[in-house]
Amino acid sequence: MPAFQPTVAVLTALPLEYTAVRAHLTDIRKREHPRGTRAAIGQLPGTPWSVALVEMGEGTLTAAALTERVMTWLEPQAVLFVGVAGGLKSDIGLGDVVVATKVYGIHGGKETPGGFLVRPEAWRASHRLTAAAREALRDDPRAHLKPIAAGDVVLAAPESALAEHLRRHYNDAAAIEMEGSGVVSAVDLAGGDALVIRGISDRADADKSRADGEGWQPRAAENAAAAAVAVLRELRPFRGRGRVGSSDREGEDSEEGPHRGDTGATGATYGGDHLDFRGSTFNGPFVAKRGGREDGER
């Protein structure tokens, strides 16, 4: 195993979503945050990625708070939110996967005497992760890159006021779920990269309970997990020493990175024409002077 292995966080809301992702990992060990949050850290075979898998529970506020915790605790290069959702489009079937190109927060607005005025919020998916998803899922007819809607509500009535709200104001949304906006907003505030991947487990209508009873939730979760794995197989690490064992070290500039050579007592590294004191305990002024030769000597 390389000395450095980049980490991606995979977050889920439900136990069955967690189980679907965990089935792809090996060499799993547990970590616990001082405030009790648990993560399963495992390897994704055939990739350079270490995966930190966290089951957060349901709800937008919970998702936002725990995503922020994961970002500061585990410092992942990317965050994937993986699980199930209700479908909003007739041409996207049960078991299909929607990769969110953007996530709508659907409850923002102002109630006035003339009606509800929508104040939309939307977060675009990371271009880097979207590009990896397009390439990884290019030949999968059951994978769709589309917007999704997120709000703290379960939609199970296609003729409801909420359903009409979605049709009127978010009519390009292909799926609806509860936590995505919390995840992507937290990652966005942290300056990170996020992607939401959802398997369609029902059609957000009165038949939701029947679809759940027929086992569509675990199947949709497994398909979403497989899509997430495909994306990670395509995605290359992109920060620091992420490209382990590669001569093409993206994100590691030969002039800016630590220079290799002899290391003195201060921890400085001699690179032939200068000293690099980063990481050392030396913090005083430093003056370089050539010595040991008389003027005119070569």
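Located above this text is the structure these notes cover.
Predicted model, so just to flag it, every value in this text is computed and none were measured. (Residues numbered from 1 in each chain as written. Predicted model: local features only at pLDDT ≥ 70, side-chain atom pairs only at ≥ 80, totals over all residues. Heavy atoms only, no water.)

Now, about the overall build of the protein: what can you tell me, with residues and values included?
Scanning the protein for helices and strands turns up 7 helices and 14 strands. Looking at the protein residue by residue over its 298 residues, the buried ones come to 48%. Sequence-distant contacts in the protein: of pairs separated by 6 or more residues, those separated by 24 or more amount to 71%. Only carbon and sulfur atoms are counted for the fraction: they give 48% of the accessible area of the protein, which is about 16100 Å². (Helix = DSSP H or I, 4+ residues; strand = E, 2+ residues; numbered from the N terminus. Buried < 20%, exposed > 50% of the residue type's maximum accessible area, 1.4 Å probe, protein only. Contact = heavy atoms within 4.5 Å. Areas by Shrake-Rupley, 256 points an atom, 1.4 Å probe, with all protein chains shown as cover.)

Before we move on, could you go through the pairing of strand 5 (residues 78-87) and cite the residues and values that matter?
The buried fraction of strand 5 is high, at 10 of 10 residues. Across 8 bridges, the pairing between strand 5 and strand 12 (residues 194-202) is parallel. If you follow G83 over to strand 12, its bridge partner there is R198. Taken together, the 2 bridges between strand 5 and strand 11 (residues 175-177) define a ladder with antiparallel strand orientation. The partner of G86 across the bridge, within strand 11, is I176. (Pairing = 2+ DSSP bridges.)

Describe the packing of aromatic side chains, and please don't skip the residues or the numbers.
The tally for this structure, following the rule as stated, stands at 1 aromatic pair. Arranged with centres 4.9 Å apart and planes meeting at 55°, the rings of Y104 and Y170 form a pair that is tilted. Placement of the pair is Y104 in strand 6 (residues 97-105) and Y170 in the loop between helix 4 (161-169) and strand 11, with a sequence separation of 66 residues. Cation over ring: R128 sits above F238, and NZ or CZ is 4.0 Å from the ring centre. R219 extends its terminal NZ or CZ atom over the ring of W216, reaching a point 3.9 Å from the ring centre. (Phe/Tyr/Trp six-rings, centres within 6.5 Å; stacked < 30°, edge-to-face > 60°. Lys NZ or Arg CZ within 6 Å of the ring centre and 35° of its normal.)

Please set out the nonpolar core residue by residue, giving values where relevant.
Grouped together as the largest cluster of nonpolar side chains are 72 residues, with contacts concentrated most on L11, L80, L195 and I197. Of all the elements, helix 7 (residues 216-234) adds the most residues to this core, at 10 residues. Counting residues in each nonpolar core, the second largest holds 11 residues, with L155, A163, L166 and A204 among its members. (Core = buried A, V, L, I, M, F, W, Y, C linked by side-chain atoms within 4.5 Å.)

Outline the environment of G59, supporting the account with residue identities and numerical values.
Residue placement: G59 occurs in the loop between strand 4 (50-55) and helix 2 (60-74). Counting along the chain gives 121 residues from G59 to G180, while the straight-line C-alpha distance between them is 9.1 Å. The residues touching G59, leaving out its near neighbours within four places in the chain, are D152, M178 and E179.

Residue-level account of the pattern of salt bridges, with values.
For side chains of opposite charge, pairing can occur when their charged atoms come near one another. Summed over the entire model, instances satisfying the criterion amount to 12 salt bridges. With its nearest N and O atoms 2.8 Å apart, the salt bridge here joins E135 to R138. When its relative accessible area of 40% is taken as the criterion, E135 is described as partly exposed. In this structure, E164 and R168 form a salt bridge, with 3.5 Å as the shortest nitrogen-oxygen distance. With E164 and R168 both in helix 4 and 4 residues apart, the pair spans about one turn of that helix. (Salt bridge = Lys/Arg side-chain N within 4 Å of Asp/Glu carboxyl O.)

Can you tell me about the environment of E222, naming the residues and giving the values?
Within the secondary structure, E222 sits in helix 7. Looking at E222, the relative accessible area reads 47%, which means it is partly exposed.

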